[in-house]
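Residue-level structure breakdown
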Amino acid sequence: MRRTLFLLWLVVLWMTASFSPVLADSVLEQGKRVADQHCSRCHVVGEANRMGGIGSTPSFALLRRMNDWEERYSSFFARNPHPAFVTVEGLSGTRTLPPNAAPITLTEDEVAALMAYVRSMNAE
């Protein structure tokens, strides 16, 4: 139920942002900041770190081209290996960190902004 409400909240945020250019820009900027700060340590997010990431980790561009990209991004924090080091306030359970993972805690707003940012990426 909580996951359904969260997905509904993401849709409402996306619809609101699409009607307000100022809100859309600030949400996209926040999503880019989240991606650059947290996701780019493992994933190639864009041109800024095109030579970065972990070789076996899919890039944002590759993930964005997948048919189920929205499902993957909206639930990334519950997909391995993310639960070991990523929590979303109010959505994730307790995490057990491996010794080599720096913890990441995100808010629901940050996850929604990340989704908006990825949605704005070219899927081609």
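Residues numbered from 1 in each chain as written. Predicted model: local features only at pLDDT ≥ 70, side-chain atom pairs only at ≥ 80, totals over all residues. Heavy atoms only, no water.

**Some thoughts on the nonpolar core**
As a reminder, the rule being used: Throughout, nonpolar core names a set of buried Ala, Val, Leu, Ile, Met, Phe, Trp, Tyr and Cys residues whose side chains join them through atoms within 4.5 Å. Remark: exposure states derive from per-residue accessible area (1.4 Å probe, protein chains only) relative to the maximum for the residue type, with buried under 20%, exposed over 50%, and partly exposed in between. Secondary structure counts use DSSP, requiring at least four H or I residues in a row for a helix and at least two E residues in a row for a strand, with both numbered from the N terminus.
Counting 22 residues, the largest nonpolar core has Phe-60 and Leu-114 as the members making the most contacts within it. Taken together, the elements giving at least two residues each to this core come down to helix 2 (21-37), helix 3 (60-65), helix 4 (69-74), strand 1 (86-88), strand 2 (104-106) and helix 5 (108-120). Sorting elements by how many residues they give to this core places helix 5 first, with 5 residues.

**Observations regarding the pattern of salt bridges**
Pairing between side chains of opposite charge can happen when their charged atoms approach one another. Worth spelling out the cut-off: Any carboxyl oxygen of Asp or Glu within 4 Å of a side-chain nitrogen of Lys or Arg constitutes a salt bridge here.
Within this structure, the stated rule accounts for 5 salt bridges. Here Arg-119 and Glu-70 are joined by a salt bridge, their closest N and O atoms 2.5 Å apart. Taken as a pair, Arg-119 in helix 5 and Glu-70 in helix 4 lie far apart in primary sequence, 49 residues in all. Residue classification places Arg-119 among the partly exposed positions, given a relative accessible area of 22%. A relative accessible area of 38% means that Glu-70 is categorised as partly exposed.

**So, the environment of Ser-59**
To be explicit about the condition: Polar contacts, as counted here, are pairs of nitrogen or oxygen atoms within 3.5 Å of one another; within protein the pair requires one atom able to donate a hydrogen and one able to accept it, and residues that are adjacent in sequence qualify only if both atoms are side-chain atoms.
One can find Ser-59 in the loop between helix 2 and helix 3. In terms of polar contacts, Ser-59 uses its side chain to reach the backbone amide nitrogen of Leu-62, at 3.1 Å.

**Regarding the packing of aromatic side chains**
Any aromatic ring pair is given by two values, namely how distant the centres are and how the planes are angled relative to each other. The condition is simple: Stacked, tilted and edge-to-face are the three classes applied to pairs of Phe, Tyr and Trp rings, where Trp contributes its six-membered ring and a pair requires centres within 6.5 Å; stacked means planes under 30 degrees apart, edge-to-face means over 60, and tilted covers the rest.
Counted by the stated rule, this structure contains 3 aromatic pairs. Between Phe-60 and Tyr-73 the ring centres are 5.4 Å apart and the planes differ by 80°, which places this aromatic pair in the edge-to-face class. Taken as a pair, Phe-60 in helix 3 and Tyr-73 in helix 4 lie far apart in primary sequence, 13 residues in all. Each member of the pair, Phe-60 as well as Tyr-73, carries the same accessibility label: buried. Note on Phe-76 and Phe-77: the rings are 5.7 Å apart at their centroids and 85° apart in plane angle, and the pair reads as edge-to-face. Note on Phe-76: relative accessible area 10%, which makes it buried.

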